[in-house]
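Single-letter residue listing:
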Amino acid sequence: MIKIQIPATSANLGAGFDALGLALSFYNYIEMEESDTIDIASLDGLEVPRDDKNLVYISAKDLFNVCGKKITGLKIRQINNIPMARGLGSSSACIVAGLVGANTLLGNPLSNDDLVDLAAQIEGHPDNTAPALLGGIVTAVFDGQKVHWVKQEVYTKLKFAAIIPDFELKTEEARACLPKTIEHKDAVYNLSRAALFSASLLTGKFENLRTAVHDKLHQPYRMELIPNAREVFNIAYNHGAYGVYISGAGPTIMAIIDESNIYFSGKMKFSLDNAGLNGWQVHEFHIDNDGTKIIKK
Ligand code: HSE
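A quick note: this is a predicted structure, and the numbers were derived from the prediction, not measured.

1. Concerning the layout of surface pockets
Here comes step 1: For the largest pocket, the calculated volume is near 610 Å³.
Here comes step 2: Around the largest pocket sit 35 residues that line it, and Ala85, Ser90, Ser91, Ser92 and Thr171 are the ones nearest its centre.
Here comes step 3: Elements represented by at least two residues in the lining of the largest pocket include exactly helix H1 (55-66), helix H2 (90-105) and helix H5 (171-176).
Here comes step 4: Each residue belonging to the lining of the largest pocket can be placed in one class, and the counts come to 13 nonpolar, 13 polar and nine charged.

2. Brief notes about the domain arrangement of the chain
The accessible area lost on association of the parts is a frequent measure of interface size.
Here comes step 1: Partitioning the chain into structural domains gives domain 1 (2-153) and domain 2 (158-285).
Here comes step 2: The centre of domain 1, based on its C-alpha atoms, is set 24 Å off from the matching centre of domain 2.
Here comes step 3: Summing the contributions of domain 1 and of domain 2, the shared interface buries around 2,100 Å²; its carbon and sulfur component is 64%.
Here comes step 4: Considering only the side of domain 1, the residues that lose the most area to domain 2 are Ala15, Phe17 and Arg86, jointly responsible for 28% of the buried surface there.
Here comes step 5: Run the count over domain 1 and domain 2 and you get two salt bridges.
Here comes step 6: Between Arg86 and Glu168 there is a salt bridge, with the nearest N and O atoms lying 3.9 Å from each other.
Here comes step 7: Among the elements that make up the side of domain 1 that touches domain 2, the one with the highest residue count is strand S2 (residues 20-34) (five residues).
Here comes step 8: Of the residues that constitute the side of domain 1 that touches domain 2, the class distribution is 13 nonpolar, nine polar and three charged.

3. Things to note about the nonpolar core
Here comes step 1: In terms of nonpolar packing, the biggest core is built from 88 residues, with Phe160, Ile163, Phe197, Ala255, Met268 and Leu272 touching the most fellow members.
Here comes step 2: Take this core: its biggest share by element is eight residues, from H2.
Here comes step 3: Both domain 1 (2-153) and domain 2 (158-285) contribute no fewer than three residues apiece to this core.
Here comes step 4: Excluding anything up to four places from it in sequence, Ile163 contacts Val232, Ala236, Thr252, Ile253, Ala255, Met268, Leu272, Trp280, Gln281 and Val282.

4. Digging into the packing of H2 against helix H3 (residues 112-123)
Here comes step 1: In contact at an axis separation of 10 Å, H2 and H3 are set at 140 degrees when each is read in the N-to-C sense. When the axes of H2 and H3 are compared, the pair comes out oblique. At the point where H2 passes H3, the crossing takes the right-handed sense. Facing H2, whose interface residues are Ser91, Ser92, Ile95, Leu99, Val100 and Asn103, H3 presents Leu115, Leu118, Ala119, Ile122 and Glu123.

5. Remarks on the environment of Val116
Here comes step 1: The topology assignment puts Val116 in helix H3.
Here comes step 2: According to the relative accessible area criterion, Val116 is buried, its value standing at 1%.
Here comes step 3: Expressed as a C-alpha distance, the spacing of Val116 and Thr139, which sit 23 residues apart in the sequence, is 12 Å.
Here comes step 4: Here Val116 is in contact with Ala130, Leu133, Leu134, Val147 and Trp149, once residues within four sequence places are set aside.

6. Topic: the pattern of salt bridges
If the charged atoms of two oppositely charged side chains come close together, the side chains can form a pair.
Here comes step 1: Under the counting rule described, the total for this entry stands at 13 salt bridges.
Here comes step 2: The salt bridge involving Asp186 is made with Lys185; its shortest N-O contact spans 3.8 Å.
Here comes step 3: Of the residues examined, Lys185 reaches a relative accessible area of 53% and is grouped as exposed.
Here comes step 4: Within the structure, one salt-bridge network assembled from shared partners comprises Arg86, Glu168 and Lys170.

7. Re the packing of aromatic side chains
Two descriptors summarise a pair of aromatic rings, namely the distance from one centre to the other and the angle between the planes of the rings.
Here comes step 1: For the structure shown, the criterion picks out three aromatic pairs.
Here comes step 2: With 5.4 Å between their ring centres and 45 degrees between their planes, Phe206 and Tyr242 make a pair best called tilted. You can see Phe206 sitting in the loop between helix H6 (184-203) and helix H7 (209-212) and its partner Tyr242 sitting in the loop between helix H9 (229-238) and strand S8 (243-246), a full 36 residues away along the chain.
Here comes step 3: For Tyr242, a relative accessible area of 24% puts it in the partly exposed group.
Here comes step 4: The side chain of Lys3 reaches across the aromatic face of Tyr29, ending 5.4 Å from its centre.
Here comes step 5: Over the ring of Tyr237 we find Arg210; its NZ or CZ atom is 3.7 Å from the centre of that ring.

The rules behind these values
Residues numbered from 1 in each chain as written. Predicted model: local features only at pLDDT ≥ 70, side-chain atom pairs only at ≥ 80, totals over all residues. Heavy atoms only, no water. 1 Å grid on protein atoms, 1.4 Å probe; cavity = no way out; pocket = protein on both sides within 12 Å on 5 of 7 lines; lining within 4 Å. Points joined across faces, edges and corners; volume = space filled by probe spheres on them. Helix = DSSP H or I, 4+ residues; strand = E, 2+ residues; numbered from the N terminus. Nonpolar A, V, L, I, M, F, W, Y, C, P; charged D, E, K, R; others polar. Domains from an automatic or database assignment. Buried area = accessible area lost by both parts, 1.4 Å probe. Salt bridge = Lys/Arg side-chain N within 4 Å of Asp/Glu carboxyl O. Core = buried A, V, L, I, M, F, W, Y, C linked by side-chain atoms within 4.5 Å. Buried < 20%, exposed > 50% of the residue type's maximum accessible area, 1.4 Å probe, protein only. Contact = heavy atoms within 4.5 Å. Axes fitted to C-alpha atoms, helices over the stretch in contact; angles between N-to-C directions. Parallel < 35°, antiparallel > 145°, perpendicular 65-115°, else oblique. Left-handed = near helix turned anticlockwise from the far one by under 90°. Phe/Tyr/Trp six-rings, centres within 6.5 Å; stacked < 30°, edge-to-face > 60°. Lys NZ or Arg CZ within 6 Å of the ring centre and 35° of its normal.

Below you can see the structure in the form of structure tokens.
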């Protein structure tokens, strides 16, 4: 069995809706080998589809199809640490695992570029799938077929504190609430901030992040679907976050903090509990610069 490590991701980063994403030091693991039947199991007790509706299997099958190979089945074992439907790239991790696993089993017929394209075609947007594959912070434009991307490795003193609620928010619902059109000035508002975000992150101008994470494309609408989100934002800023944004489609709220802010999680949890928001957990991660890795062949 090959074993694959796939990072969680945080997409949008505020204003970079469907364009910016980064990989986090938090991982799912998938084992895979060729088989005559579909034999899927979860190794951590979490329920996953065990038939041909399983996203890892669907993605692996897509890659076999693209390469003109017939798939008879697969043995898949999953360890899903990344919580589902929380805005941390759990579906992208499944897609990327299926693609990288199948590509490895077939002897790597597809290049990394091909995998980035195929993953975005399956997911519909590249801002989770591309960083899950590549690591670092990824800027990506998906033209419907190809992804035009740049991966940048990030070596900063920043930590990303994921403030994760005990409820799910499906991406379809979080996309359905968005407006069909926006005003010209709002487009300018977003594109300037998205550009400011990566430039500031990469050059260490962290004081810009608070301005850079604001947007008019998705967060104001999604805020309404995440009970107490405003309060969580305020608490995180009160405890010294550089910037706070809705991770991906939510409902996780991400706080970017300095490595020297060593008591952030403890203070955050204390304040959340005091505010009656006991269902929210705080977990700190770094940026993962490696992306998906085969850790056993
Ligand atoms: N860019 C996507 C969104 C990420 O915000 O809907 C979630 O898949």
